[in-house]
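Topology and contacts: notes
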Number of protein chains: 4
Amino acid sequence: MVNVGVLGATGMVGQRFIELLSDHPKFEITALTASARSAGKRYSDAATWHLDSQIPEAVQDMVVVDTDPKQVEDVEIVFSALPAEHAAIVEPQFAAAGMGVASNASAMRMEPDVPLVIPEVNPEQLELIETQQKNRGWEGFIVTNPNCSTIALAMTLKPLYDEFDIQRVYVSTMQAVSGAGYNGVPSMAILDNLVPFIGGEEEKIESETLHLLGDFDGETVTPAGFGLSASCHRVPVVDGHTEAVFMEMEQDFAVEDVKSAFRNFKGLPQKLGLHFAPPTPIIVREEDNRPQPRMDRLTQKGMAVTVGRVRKDDVFPKSLKYVLLGHNTVRGAAGASILNAELINEIM
Amino acid sequence: MVNVGVLGATGMVGQRFIELLSDHPKFEITALTASARSAGKRYSDAATWHLDSQIPEAVQDMVVVDTDPKQVEDVEIVFSALPAEHAAIVEPQFAAAGMGVASNASAMRMEPDVPLVIPEVNPEQLELIETQQKNRGWEGFIVTNPNCSTIALAMTLKPLYDEFDIQRVYVSTMQAVSGAGYNGVPSMAILDNLVPFIGGEEEKIESETLHLLGDFDGETVTPAGFGLSASCHRVPVVDGHTEAVFMEMEQDFAVEDVKSAFRNFKGLPQKLGLHFAPPTPIIVREEDNRPQPRMDRLTQKGMAVTVGRVRKDDVFPKSLKYVLLGHNTVRGAAGASILNAELINEIM
Amino acid sequence: MVNVGVLGATGMVGQRFIELLSDHPKFEITALTASARSAGKRYSDAATWHLDSQIPEAVQDMVVVDTDPKQVEDVEIVFSALPAEHAAIVEPQFAAAGMGVASNASAMRMEPDVPLVIPEVNPEQLELIETQQKNRGWEGFIVTNPNCSTIALAMTLKPLYDEFDIQRVYVSTMQAVSGAGYNGVPSMAILDNLVPFIGGEEEKIESETLHLLGDFDGETVTPAGFGLSASCHRVPVVDGHTEAVFMEMEQDFAVEDVKSAFRNFKGLPQKLGLHFAPPTPIIVREEDNRPQPRMDRLTQKGMAVTVGRVRKDDVFPKSLKYVLLGHNTVRGAAGASILNAELINEIM
Amino acid sequence: MVNVGVLGATGMVGQRFIELLSDHPKFEITALTASARSAGKRYSDAATWHLDSQIPEAVQDMVVVDTDPKQVEDVEIVFSALPAEHAAIVEPQFAAAGMGVASNASAMRMEPDVPLVIPEVNPEQLELIETQQKNRGWEGFIVTNPNCSTIALAMTLKPLYDEFDIQRVYVSTMQAVSGAGYNGVPSMAILDNLVPFIGGEEEKIESETLHLLGDFDGETVTPAGFGLSASCHRVPVVDGHTEAVFMEMEQDFAVEDVKSAFRNFKGLPQKLGLHFAPPTPIIVREEDNRPQPRMDRLTQKGMAVTVGRVRKDDVFPKSLKYVLLGHNTVRGAAGASILNAELINEIM
């Protein structure tokens, strides 16, 4: 078993890490960190558990420590659920101390020597770890996963990008409240309401997606060459981000070929049979009214993306419309980091 | 006072008609129709009132009659809240019997001699009434208003279409449950959920909007020449449709000019000072997180459209993004028909 | 394996039966019935699946038949998810045809020779099956489970009734929308709202609970002797009924003894180790703000009842207050019938 | 016009004060206070307006000052929307400085010389103002209104307490999220959920209600002599607290007499025709499924309490059940303080 830690273990994403790792066949949680206020307490005293599961027994009595590499011994990989500003400071410290950091934070995502990876989409960018270690003199490393809404979108774009010639994409999101953290969206803001703005989200989708689909020459990433414009909205849904996609291709296409590309899509995690790899990364639903967050978010333990309403655009030629849904705190956050770590653990 | 009737008076839109007409300075409700099951009952016995107001006293004891022109005497205008299939049959009967029918139903909207009108957008199409009466030998007439999500969208497109050169539009809607009628969306379908499909809605938006902005030569309408593609979604909001718009122009533009076009937009109803005319048809909000349905739907008694996040698209050149919101059962339904009737009453 | 059928297999509770039975170690679904409209169709064509799981593969292609015992061969037990009026007619036909009917319908619950059973509470009433068969000349039988809100309440009253002397109980419920069936509660009725009325519910709680806790002399049930008054309310929650209980005892008591009674409560299903028996039927939470439906409804696969805020009433002497929560379509419906069938299968 | 100020003007209740006072015939807002962070800013810059109305024009440009009596000149009455801890310190300073403080805060409610008043229920307790001024050497004074859920309950108890002999009351509340302030209830805590606990709420209801109905001899209040026990719950509703009441009387009674007592109830504000006085303080609905928060909270501008399901308890003799609803931030907070101030302004 590989000893792992969770940084920022008391927050929403930290809790998801703990839940998802609780029965893991290869990773065993041996360290939990949080802010000074929680350090020294038993985990079950430090955290108010917000998931609909129970706190796994193995961590209930574990003592939380400061988010400081000196407090964390005999750990190979740490999963980071830290807020961006804090991550920017301490993740490099953990990497310098020799640990692998699988981070869900946005802080280091766009650094040129930090891999921003979805294992099904661009596993080759993990080679950057060597460059990173050389550049920075670290024995450990940092690997990041994208923003929650980017992950689900990029997974569906990957097979289309490989088989068709995407010209432009517009995406309009309807995002769950859990994406903002437990206290992020007051109920007064969202009951019988929606909020047509999520700070920084459109920029992340627009830049990260093209980076993920970009060309990697072993050293640098050249972003994919099509245009992608996003409009992001918060809706009264607990978990599960829904995204409406409009896409223009260079050539005409058959809708059935698009669906086949979705259905047949497999990546390295599926080939390697990684524990967290969904057997079918993209599920295509034929019903008119799917995907729906409450119905589809837990498909394949929350690690698959569900796609529906795949149809030709009646108005614009060579154009496609579809709707996608992914679980934002599983596939879009904690599960994404774990799959990154599983892949690194397997191939490096 | 003009005597008016409400067809389909017991349903959701029928109730809105009654509520909105209850203090009207020129229209007085003297007839209410419903299905045979309700005919003969007092209105307050026939209808379960679903609005957060009280049933207006003036109609409580009014006896509901069959939806049949023979049952309706001394009425000049009837407002139709009938379902489409029923409207297709009985609206012509009312027109043949000499009444003006201001209809919210979709049945007759795309008939070439039936005006499909938003008074601020294309009042000139009301001239079709003459053609219609000649064609069909009616003393009365039918005038229709567009679909709820079309109205709000078309109102914001009108000033841009007049001042800029729109090339293409993508719109992604987040629509309130009231749009489907009282029993239309089960709570099991929408709590902690959304549904990415509304039957027929995308087609209506795509065709009606271009018709509204089209050229009218006194006899026929030539639809506007740009492309408009829609994706429609139902969200857990009671009232108020939100729409995210992506737009490409032929020429570059300044965002401030777009906002000015919105702000300065006035139509014939404003010039004539019609009772239901919102003084400012389009409200521009500068806050990042507006418009929001619960906060903005009742602006100017629910008759104005609120626009926000008006911004240049950072990705595509000469492109614009914004979000709009309109009250779907006021501006998008009952209020729309009433404003049509007010305009006709004033100018014809 | 025992062959079982599901009557009314396409509705909400029917779907729960199918979901819960899909991996059952002793019961195998071999028949699905529904109304004439669905008969002859593959199950996956006949039913719109409303649960967040997938339709179990084993039933997807099973052909639905009419709800008629002649259509159902080689089946020992049928689970009834029929509406009450229909159940009253066809459940006796299935019993007469030699099948055991484990019914969730209310139709036969208060018949003197039909057991109304919660296996942890009053398994002895199953003896009525013999009387029933003799009375009615059936080879099969009918066994019923109580109403959803009654089950959760009665399970918590049982250990208190055994150890203390309950004088009076007031219960105020906050019930999930799934209790009314998929189309039961329109979203317009419940978004940003609640409805302080559920037809027949208060009467069912008041009568069924005392029946469950009553004395059984082998032939008839004498209801428990304390008073129980209910007020029932529908709230915007998908699954999980919450109930606030006020209770007056004859003698003073220690709160810790009440909690112990809850915690130590076990029934026959636990002793027999039945598959659907929750290991701990009543979970006591110490946090101030539990139980909560979204967090606690799935405890022990939805078969346990969670209790919280167990406290002395500061105002009235010898009085207790607590809040309880049970999953209404699992513990309160399909799971209840299955546990009844498991118990009968084990002991008879 | 009387010059008035609002203390804590940027929060939820502060905003309600401003909204409700904006067209007041006798009170004119001339001062707005908030924390140091907001002091010196224009009100529209200092506050994020959370109501579905617009910020009244008259206050948009008003400069917010520190919550300090020295900053507030020429003001006769201040309305306090301060949090309890802050109110405990500064409200006495405003009273000492000669102003009347009409407070919604709980800090001073149970002080023996501070009136805790609902104008329809116990206006006589306003006499305490004299005692208070003498005791404390103040030229100004403090008058308080009860907790939001207490106000609606006490208003319905008053006519029953006057005409019948109440023995005991159990009340189970279902309270709106606005009662906790804008950031009080995270959406993650309440979507598809409810929370069966509100800190301090049960104690407030139990003590304040009996104080309001108590005997006042000109100097001290002797609380009413019956028992009242509460259980409080937060539900996903924006505005409007619903309460289920179980009541035992000393004597038997006719339900019609109870309804008449509710319907005929009028208090001093109605007799004096105060601006904020609802013409009918208690509305009795006969429909089974009312009151409902979204439908009934705005009755009589949010100042009336709506009662429904008034029925005999079938289980307990001489017992009554009903459900009540009041708007928690209008009748239960800002409107309550304003009505107190109107009454004092009229009679003192």
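The coordinates are above.
Described in the following lines is the structure provided in the data block. (Residues numbered from 1 in each chain as written. Chains lettered and ligands numbered in written order. Predicted model: local features only at pLDDT ≥ 70, side-chain atom pairs only at ≥ 80, totals over all residues. Heavy atoms only, no water.)

A word on the overall build of chain A. A tally of regular secondary structure across chain A gives 12 helices and 14 strands. Its C-alpha atoms give chain A a radius of gyration of 20 Å, within 12% of the compact-globule value 20 Å for 348 residues. Taken along the three principal axes of its C-alpha coordinates, chain A extends 60 × 50 × 35 Å. Scored against the burial criterion, the 348 residues of chain A give a buried share of 67%. At a minimum sequence separation of 6, the contacts of chain A that also span at least 24 residues come to 74%. (Helix = DSSP H or I, 4+ residues; strand = E, 2+ residues; numbered from the N terminus. Rg over C-alpha atoms; globule rule 2.2 N^0.38 Å. Buried < 20%, exposed > 50% of the residue type's maximum accessible area, 1.4 Å probe, protein only. Contact = heavy atoms within 4.5 Å.)

In this complex, chain B contributes 12 residues to the contact, which on the side of chain D involves 12 residues. For the pairing of chain B and chain D, the buried interface totals around 1100 Å² over both sides, and the portion due to carbon and sulfur atoms is 42%. Viewed at the interface, chain D and chain B are joined by zero salt bridges. Applying the counting criterion to the chain B and chain D interface returns two residue pairs in polar contact (both at pLDDT 80 or more). Across the side of chain B that touches chain D, the residue classes break down as four nonpolar, three polar and five charged. (Buried area = accessible area lost by both parts, 1.4 Å probe. Salt bridge = Lys/Arg side-chain N within 4 Å of Asp/Glu carboxyl O. Polar contact = N/O pair within 3.5 Å; in protein donor to acceptor, adjacent residues only side chain to side chain. Nonpolar A, V, L, I, M, F, W, Y, C, P; charged D, E, K, R; others polar.)

So, on to the relation of the copies chain B and chain D. Turning chain B through 180° and shifting it by 0.0 Å along the axis lays it on chain D, with an RMSD of 0.0 Å. Taken together, the rotation angle and the small translation identify this as a two-fold axis. Within chain B, Asp192 of chain B has its C-alpha nearest the rotation axis, a separation of 3.1 Å. Taken together, the interface assignments show that 100% of the residues at the interface of chain B recur at the interface of chain D, consistent with an identical surface on both copies. (Least-squares fit on C-alpha atoms with pLDDT ≥ 70 in both.)

Before going further, it helps to spend a moment on the sheet that holds strand β14 (residues 319-326) of chain C. Strands pair in a sheet through their backbones, by hydrogen bonds, and they do so in one of two ways: parallel or antiparallel. Residues and elements named next belong to chain C. Taking strand neighbours across the sheet as the criterion, the six strands line up as β10-β7-β11-β14-β13-β12 in an open arrangement whose pairing is mixed. Edge positions in the sheet fall to β10 (227-234) and β12 (282-284), since each of these pairs with one other strand and no more. Taken pair by pair, the neighbouring strands of this sheet meet at an average axis angle of 20°, ignoring direction. Bridge count between strand β7 (residues 166-175) and strand β11 (residues 241-249): eight bridges; the pairing is antiparallel. Of the residues in β11, the one forming a bridge with Val169 is Met247. With respect to the sheet, helix α8 (residues 201-212) is in contact with β7 and β10, its orientation differing from that of β10 by roughly 145°. Taken strand by strand, helix α9 (residues 255-264) contacts β12, β13 (305-312) and β14, and its axis lies near 170° from that of β13. (Pairing = 2+ DSSP bridges. Axes fitted to C-alpha atoms, helices over the stretch in contact; angles between N-to-C directions.)

On to a nonpolar patch on the surface, then. Residues Leu272, Ile347 and Met348 of chain A make up a contiguous nonpolar surface patch of about 270 Å² in total accessible area. Note that Ile347 of chain A resides in helix α12 (residues 330-347). (Patch = residues over 30% accessible without salt bridge, like charges linked within 9 Å, V, L, I, M, F, W, Y side chains within 5 Å. Areas by Shrake-Rupley, 256 points an atom, 1.4 Å probe, with all protein chains shown as cover.)

Right, let's talk about unusual backbone geometry for a bit. Of the consecutive residues Arg290 of chain A and Pro291 of chain A, the connecting peptide bond is found in the cis state with omega at 5°. Look at Gln300 of chain D: it is not a glycine, yet its phi comes out positive at around 50°. Relative to the assigned elements, Gln300 of chain D resides in the loop between α11 (293-296) and β13 (305-312).

A few words now on the relation of the copies chain A and chain B. For the pair chain A and chain B, the best superposition has an RMSD of 0.0 Å and corresponds to a rotation of 180° with a translation of 0.0 Å parallel to the axis. Comparing interface residues between copies, 100% of those in chain A also lie at the interface in chain B; the contact surface is shared.

Once that is clear, we can look at the interface of chain A and chain B. At the interface, 49 residues of chain A touch 49 residues of chain B. For the pair chain A and chain B, the summed buried area comes to about 4100 Å², and 57% of that belongs to carbon and sulfur atoms. Broken down residue by residue, the surface that chain A buries against chain B is led by Asp192, Arg294 and Phe316 of chain A, which jointly contribute 16%. Run the count over chain A and chain B and you get 10 salt bridges. For Asp192 of chain B, the salt bridge identified is with Arg297 of chain A, shortest N-O distance 2.8 Å. At the surface where chain A touches chain B, the tally comes to 31 residue pairs in polar contact (both at pLDDT 80 or more).

Glancing now at empty space enclosed by the protein. Summed over the entire model, instances satisfying the criterion amount to six cavities of 30 Å³ or more. The computed volume of the largest cavity comes to approximately 150 Å³. Split by residue class, the lining of the largest cavity holds nine nonpolar, no polar and four charged. (1 Å grid on protein atoms, 1.4 Å probe; cavity = no way out; pocket = protein on both sides within 12 Å on 5 of 7 lines; lining within 4 Å. Points joined across faces, edges and corners; volume = space filled by probe spheres on them.)

Before going further, it helps to examine the pattern of salt bridges. Close approach of charged atoms allows side chains of opposite charge to pair. Summed over the entire model, instances satisfying the criterion amount to 92 salt bridges over all chains. Arg16 of chain A is the partner of Asp239 of chain A in a salt bridge, and the nearest nitrogen-oxygen pair spans 3.5 Å. Linking Asp239 of chain A in the loop between β10 (227-234) and β11 (241-249) with Arg16 of chain A in helix α1 (residues 12-21), this pair joins segments that are 223 residues apart in sequence. Residue Asp239 of chain A shares its accessibility class with Arg16 of chain A, and that shared class is buried. Linking Asp61 of chain C and Arg42 of chain C is a salt bridge whose minimum nitrogen-to-oxygen distance equals 2.4 Å. Residue Asp61 of chain C is located in the loop between α3 (57-60) and β3 (65-66), and its partner Arg42 of chain C is located in the loop between β2 (27-34) and α2 (43-46); the two are separated by 19 residues in the primary sequence.

Here we come to the packing of aromatic side chains. As enumerated under the stated definition, the model contains 34 aromatic pairs over all chains in all. For the ring pair Phe164 of chain B and Phe253 of chain B, a centre distance of 6.3 Å and an interplane angle of 75° mean the geometry is edge-to-face. Here Phe253 of chain B lies in the loop between β11 (241-249) and α9 (255-264) and Phe164 of chain B lies in the loop between α6 (148-163) and β7 (166-175), a separation of 89 residues in the sequence. For Phe164 of chain B, a relative accessible area of 18% gives the class buried. You can call Phe253 of chain B buried: its relative accessible area is 8%. Grouping aromatic residues by their ring pairs yields a cluster made of Tyr170, Phe246 and Phe316 of chain A together with Tyr170, Phe246 and Phe316 of chain B. Here the guanidinium or amino end of Arg168 of chain A rests over the ring plane of Phe316 of chain B, the centre of that ring lying 4.9 Å away. Between Lys312 of chain D and the ring centre of Phe253 of chain D, over which it is positioned, the NZ or CZ distance is 4.7 Å. (Phe/Tyr/Trp six-rings, centres within 6.5 Å; stacked < 30°, edge-to-face > 60°. Lys NZ or Arg CZ within 6 Å of the ring centre and 35° of its normal.)

So, on to the side chain of Thr329 of chain C. Residues and elements named next belong to chain C. With respect to the helices and strands, Thr329 occurs in the loop between β14 and α12 (330-347). Among the residues examined, Thr329 registers a relative accessible area of 5% and is labelled buried. Polar contacts involving the side chain of Thr329 include one to the side chain of Arg16, which spans 2.8 Å. When sequence neighbours within four positions are dropped, the list of residues in contact with Thr329 reads Arg16, Ser178, Asp239, Ala334 and Gly335.

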